[in-house]
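These are the residues of each chain, in order.
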Amino acid sequence: MRVAPELLLFLPAARRREEQAVACDGTSTLGHLVEALGVPLPEVGALTADGVRVGPSHQPSPGERVEVAPVPRPQPVPLEPGQDAPRFLLDVHLGTLARRMRLLGLDTAYHNDMDDPALVVQANEERRVLLTQDRGLLRRRALWFGAYVRGARPDDQLRDLLDRFAPPLSPWTRCTACNGPLVPVGKEEVAPELADGTRRSYDVYGRCTECGQVYWRGAHGGHLEKIVQEAARTVAAARAARPASSPGAPGPGAGGVDSAAS
Ligand SMILES: [Zn+2]
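Residues numbered from 1 in each chain as written. Predicted model: local features only at pLDDT ≥ 70, side-chain atom pairs only at ≥ 80, totals over all residues.

- With an unreviewed UniProt entry as reference, the protein is termed Mut7-C RNAse domain-containing protein, source organism Actinomadura keratinilytica.

The following block contains the structure:
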C-alpha cells in the first residue's frame, strides 16, 4: 500500500512511511485496511489497485499494489437546493476557529458542550460538514461528511479549512457569538447602547438578528481586518492553484470515499 504524504500524519509514528506492507486476509475490504492503518475514510480520496480505480469495498488480493490519495483540494461539498455555500459544524474544542469562520461569513454551528452522537445527528440533519480533530469521530459510519482540521493554532486551522474547501466568503455578515445573520444598522439607531468612546471612534456595521448583539469596527478592527484579508488571499490561491476537479471524474463521490460501502 502506498499512502500519500498528506495522509501520513494519521499513522503511528513508527509506521509513518509511504510504502506499507499490509497483510492480506482475502476478506478485509480496502476501506477497513486503510482505517486500520489509522487514516479516517473522510480524509481519503481516490483509491487505486494495480492502477485501476476501486472503491473502499474492494477486497485486495495478494501482491496487489494499492494507492491511497487524499481528498482533492478544493474539496467539493454537495449543496442543498437554495444553498450557495457549505455549512459547517465544529467539534467542541474548536471555539476560536468557529468565531473566525463566522467573521468570514461562513455558516458555522458550534456548541462547547456536545457529545459525539449529538454532533453526528446535527451534522447529518442540517447537512453540515463536521470539522474535528478527533479521528474517532471521523470513523463513525453514520457521519454524512466530516473533515479533519490540521494545525494546533487557530491561524493554521483556518488556513487549512480555507485551503481545503475554498468556500465563498462574506466577511462582516454574521454574528461571531451566535452565528446569526447581521443586518446593517445606522449609528444613530444604536447610539444609546454604545459607550461614549465607541460612539465617537467607530462605525457601527451590523446587528445580529438572533441575539441582538451590535457590531462595530472596534479596538480589534485591525487584527480582524488582517484575518479577513489573509483569508481572502488563501481562498483565491487555493482556487487558482487547483481548479475544482472536473465533473465526471470516476471514483468516490465528493465527500471522500463512500463509507457506507466499506
Ligand atoms: Zn448573535
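There's plenty left to go through after this.
## Digging into the overall build of the protein
Move 1: On a plain count of helices and strands, the protein comes out with eight helices and 11 strands.
Move 2: Considering the protein as a whole, with its 262 residues, one finds that 32% of them fall into the buried category. (Helix = DSSP H or I, 4+ residues; strand = E, 2+ residues; numbered from the N terminus. Buried ≥ 20, exposed ≤ 12 C-beta atoms within 10 Å, placed from the backbone.)

## Quick word on the sheet that holds strand β1 (residues 2-3)
Move 1: Spatially, four strands are ordered β1-β4-β2-β3 in an open sheet, and the strand pairing comes out mixed. Two strands in the sheet have a free side with no partner beyond their single neighbour: β1 and β3 (52-54).
Move 2: Here four bridges tie strand β2 (residues 44-49) to strand β4 (residues 66-70), and the two strands are oriented antiparallel to one another. Bridging from a neighbouring strand, Val44 pairs with Pro70 of β4. (Pairing = 2+ DSSP bridges.)

## Observations concerning the sheet that holds strand β7 (residues 128-132)
Move 1: Here we have four strands laid out as an open sheet, ordered β6-β5-β7-β8, and parallel in their pairing. Since the sheet does not close on itself, it has two edges, and those belong to β6 (108-110) and β8 (146-148), each with one partner. Looking at each pair of strands side by side, their axes are set apart by 25 degrees on average, direction ignored.
Move 2: Alignment of strand β5 (residues 87-90) against β7, held across four bridges, turns out to be parallel. Along β7, the bridge assignment pairs Arg87 with Arg128.
Move 3: Packing against the sheet, helix α3 (residues 116-125) makes contact with β5, β6 and β7, and its axis sits at approximately 150 degrees to β7. (Axes fitted to C-alpha atoms, helices over the stretch in contact; angles between N-to-C directions. Contact = placed C-beta atoms within 7 Å.)

## Let's talk about α3
Move 1: Listed in full, the buried residues belonging to α3 are Leu119, Val120 and Ala123. On an axial view of α3, the arc spanned by its buried residues comes to 95 degrees, and they lie on one face. When the buried face of α3 is taken as reference, the exposed residues oriented beyond 90 degrees from it are Pro117, Ala118, Val121 and Glu125.
Move 2: On its buried face, α3 sits against β5, β7 and α4 (135-138).
Move 3: Positive backbone phi, approximately 50 degrees, marks Arg127, located one or two places after α3. (Arc of directions from axis to C-beta.)

## Concerning the nonpolar core
Move 1: In terms of nonpolar packing, the biggest core is built from 32 residues, with Phe88, Leu90, Leu97, Val129, Leu130, Leu131 and Val149 touching the most fellow members.
Move 2: When contributions to this core are tallied by element, the ones reaching two or more residues are β5, α2 (95-103), α3, β7, α4, β8, α5 (154-165) and α8 (221-241).
Move 3: Leu90 has contacts with Leu97, Ala98, Thr108, Tyr110 and Leu131, leaving out every residue within four places of it along the chain.
Move 4: If you look at the next biggest cluster of nonpolar residues, it comprises 15 residues, including Leu30, Val34, Leu41 and Val44. (Core = buried A, V, L, I, M, F, W, Y, C linked by C-beta atoms within 7 Å.)

## Quick look at unusual backbone geometry
Move 1: Residue Pro74 is reached from Arg73 by a cis peptide bond, and omega for that bond is -5 degrees.
Move 2: Mapping Pro74 onto the fold places it in the loop between β4 and β5.
Move 3: The backbone of Asp50 sits at a positive phi, close to 50 degrees, despite the residue not being glycine.
Move 4: Residue position: Asp50 is located in the loop between β2 and β3.

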